[in-house]
Amino acid sequence: MSNPHRYLPHTEEDIKLMLDKCGAKTLDDLYADVPASLRLSKPYALPKAMSEPELYRFFGDIASDNREMAIFAGAGFYHHYTPAAIPAILSRSEFLTAYTPYQPEISQGTLQYIFEYQSMMCELTGMDVSNASMYDGATATAEAMIMAVNAARRKNRILMSATVAPEIQQVAATYAAGAGIKLDIIPENNGTTSKQAFEEMMSNGDVAGVIVSSPNYYGIIEDYSGYADVCHNNKALFIMNCHAATLATLKSPDEWGADIACGEAQSLGMPLNYGGPYLGYLCCKQQLMRKLPGRIVGATVDAEGRRSFVLTLQAREQHIRRQKATSNICSNQGMMTLHAAMYLSLMGTEGMKKVNRLSFEAAHALAAQLTATGKCNLKYADKPFLNEFVVEFIASTNTDNVLKALANENILGGVKLSDSTMLIAATEMCSPDDIARYVSIVKSL
């Protein structure tokens, strides 16, 4: 039977068989729940065929509508510099098609950069093992939650601090609902996790794991002294969600006594790109490595004694006992782990420290100058922060008006928390001139 679609493999017979299986008569029946007003009722308005120069001009005209903005928005995703060598190497054709390297004898290059990525993430977090990798920081945190429950066996309750980013809480709640996990939120107190509430919620002895964030959603660097001890005394795991770049400066999850470290690695020089691609990292102590989802690359020697790399620790459940398997996430181990490995290699220890120092200086300069305008106060003025903070506007100044005024001058001003509060971030990419423009605009309102 003929194929009605030039680029689709399904014949009319194939389509009929699938529709019969679905109990539908036509393809339109599959979209019955979509209101007619939302459906396209005419052919796509595609232009006529173009030559290559015409195509360049066409898309150039579209791109000219974009505005280059100074970025002061963060909330988990930050504008850091990407060294020029990274896109040059990343765009090489051999990396563009990289997928799971099942055959080590022909995948040594891919296996090596994954191994190097894992090694550097272990160095940043202080953990023993890293996987490669998760789709983003939110799903990495949800997988850490599942790891804790699997390790506890008879406990299915997880505590998560209210100072963890809201979208991470929402993703974890979705995973918890499907996995039969009870997820409870530890209240916050003046921008930080309530330790008293945490200890009270742990007293029942039914908690498998506790998840906190550093820096937290408000940019605050919380003090987690004693948290790991309370968790371990109650046979629960302590899980820390951290922005990867900050680990070059802040106390590591290992130093806090954490069992699992997870979070978003976009801050390792990955451009902000309308939601992705991002990179979730997940690291743990050695005793938990069998519970770790994703793939792990190990270093070994070949038959001739040469250093080589292989996929290791593939639990048999991945193949024959699917109901007991960890999440089989592997495609993200290619391009984004390579990006992170290149960034960490090029920046080095001192470069990473400098990025954090410059971001710290920019954020604190902006905070001091904004409060000096008399238009706003620091909401958590007594709490330490690295490169992100919350301001509370005074009197009639409204967050929407501030963001609109800044946007009109090509500044992405921050993330609205309420009508009077805003979350603002600054990195090494925010110049003194950008900061001066920002402050001038707020002062004029």
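Bear in mind that the values here come from a model prediction, so they are computed numbers and not experimental data.

Asker: Describe the packing of helix 6 (residues 137-152) against helix 7 (residues 166-179), naming the residues involved and giving the relevant values.
Answerer: The relative placement of two packed helices comes down to the angle between their axes together with the axis-to-axis distance. Viewed as axis vectors pointing N to C, helix 6 and helix 7 meet at an angle of 45°, and their least axial separation amounts to 8 Å. In terms of their interaxial angle, helix 6 and helix 7 are classed as oblique. As for the relative orientation of helix 6 and helix 7, their crossing is right-handed in sense. Between helix 6, through A138, T139, T141, A142, E143, M145 and I146, and helix 7, the contact on the second element is made entirely by I168, V171, A172, Y175 and A176. Considering only residue class, the contact of helix 6 with helix 7 consists of nine nonpolar, two polar and one charged.

Asker: Could you give an account of the sheet that holds strand 17 (residues 421-425), with specific residues and numbers?
Answerer: Read across the sheet, four strands follow the order 13-14-17-16 without closing on themselves; strand pairing throughout is antiparallel. At either margin of the open sheet sits one strand with a lone partner, and together these are strand 13 (376-378) and strand 16 (415-416). In this structure, strand 14 (residues 388-393) lies alongside strand 17, joined through five bridges in antiparallel fashion. Looking at strand 17, one finds that E392 is bridged to T421.

Asker: Describe the side chain of E428, naming the residues involved and giving the relevant values.
Answerer: Take E428: it is sitting in the loop between strand 17 and helix 14 (432-444). Of the side chains bearing the opposite charge, K354 lies closest to the buried E428, which forms no salt bridge; the N-O distance is 10 Å. Looking at E428, its side chain comes within polar contact range of the side chain of H80, at 2.7 Å. In this view, E428 contacts H79, H80, Y81, V355, L358 and S359; residues no more than four positions away in its chain are not counted.

Asker: A description of empty space enclosed by the protein should follow, citing residues and the corresponding values.
Answerer: Applying the stated rule across the entire model yields three cavities of 30 Å³ or more. Taken as a whole, the largest cavity holds about 80 Å³ of empty space. The wall of the largest cavity is formed by Y78, H80, H243, A245, T246, S267, N356, S359, L386 and N387. Looking at side-chain class alone, the lining of the largest cavity contains three nonpolar, seven polar and no charged residues. In this structure, the second largest cavity occupies an estimated 60 Å³ of space. Lining of the second largest cavity is provided by Y218, I220, L378, K379, Y380, K383, F385, E388, F389 and V390. With three residues, the single largest contributor to the lining of the second largest cavity is strand 14. Residues that form the lining of the second largest cavity fall into these classes: seven nonpolar, no polar and three charged.

Asker: Tell me about the nonpolar core, residues and numbers included.
Answerer: The biggest cluster of nonpolar side chains holds 55 residues, and the ones touching the most others in it are M121, V210, F238, L268 and Y281. The element that contributes the greatest number of residues to this core is helix 12 (residues 335-372), accounting for nine residues. Leaving out residues up to four positions away in the same chain, Y281 has contacts with Y117, M121, T125, A140, C242, A244, L247, A261, C262, G263, E264 and A265. A75, V129, M145 and V164 belong to the second-largest nonpolar core, a separate cluster that totals 36 residues.

Asker: Any details on the pairing of strand 3 (residues 157-161)? Residues and values, ideally.
Answerer: For strand 3, the tally of buried residues reaches five of five residues, placing the bulk of the element in the interior. Alternating residues of strand 3 divide into R157, L159 and S161 and I158 and M160, and every residue in both groups is buried. By the bridge criterion, five bridges tie strand 3 to strand 4 (residues 182-186) in an arrangement that is parallel. Note on strand 4: the bridge partner recorded for M160 is I185. Since strand 3 and strand 4 lie parallel, the crossover through helix 7 that links them has a hand, and here it is right-handed. Pairing of strand 3 with strand 7 (residues 207-214) involves four bridges; the strand directions are parallel. Paired with R157 across the two strands is V207, which belongs to strand 7.

Asker: Any chance you could break down the pattern of salt bridges for me, citing the residues and the numbers?
Answerer: All chains considered together, the criterion is met by 13 salt bridges. K285 is paired through a salt bridge with D254; the nearest N and O atoms lie 2.4 Å apart. Within this pair, whereas K285 is found in the loop between strand 10 (280-284) and strand 11 (296-301), its partner D254 is found in helix 10 (residues 253-256), the two being separated by 31 residues in sequence. Owing to a relative accessible area of 33%, D254 belongs among the partly exposed residues under this scheme. Across the pair D400 and K416 runs a salt bridge whose closest N-O atoms are separated by 3.0 Å. In this pair, D400 sits in helix 13 (residues 399-408) while K416 sits in strand 16, placing the two residues 16 residues apart along the sequence.

Asker: Before we move on, can you summarise a nonpolar patch on the surface with the specific residues and values?
Answerer: A cluster of nonpolar residues, L27, L30, Y31, V34 and L38, forms a patch on the protein surface that exposes about 490 Å² of accessible area. Examined against the element boundaries, L38 turns out to sit in the loop between helix 1 (12-22) and helix 2 (52-63).

About the thresholds
- Residues numbered from 1 in each chain as written.
- Predicted model: local features only at pLDDT ≥ 70, side-chain atom pairs only at ≥ 80, totals over all residues.
- Heavy atoms only, no water.
- Axes fitted to C-alpha atoms, helices over the stretch in contact; angles between N-to-C directions.
- Helix = DSSP H or I, 4+ residues; strand = E, 2+ residues; numbered from the N terminus.
- Parallel < 35°, antiparallel > 145°, perpendicular 65-115°, else oblique.
- Left-handed = near helix turned anticlockwise from the far one by under 90°.
- Contact = heavy atoms within 4.5 Å.
- Nonpolar A, V, L, I, M, F, W, Y, C, P; charged D, E, K, R; others polar.
- Pairing = 2+ DSSP bridges.
- Buried < 20%, exposed > 50% of the residue type's maximum accessible area, 1.4 Å probe, protein only.
- Lys, Arg positive; Asp, Glu negative; His and termini not counted.
- Salt bridge = Lys/Arg side-chain N within 4 Å of Asp/Glu carboxyl O.
- Polar contact = N/O pair within 3.5 Å; in protein donor to acceptor, adjacent residues only side chain to side chain.
- 1 Å grid on protein atoms, 1.4 Å probe; cavity = no way out; pocket = protein on both sides within 12 Å on 5 of 7 lines; lining within 4 Å.
- Points joined across faces, edges and corners; volume = space filled by probe spheres on them.
- Core = buried A, V, L, I, M, F, W, Y, C linked by side-chain atoms within 4.5 Å.
- Right-handed = clockwise from strand over helix to strand, strands pointing away.
- Patch = residues over 30% accessible without salt bridge, like charges linked within 9 Å, V, L, I, M, F, W, Y side chains within 5 Å.
- Areas by Shrake-Rupley, 256 points an atom, 1.4 Å probe, with all protein chains shown as cover.

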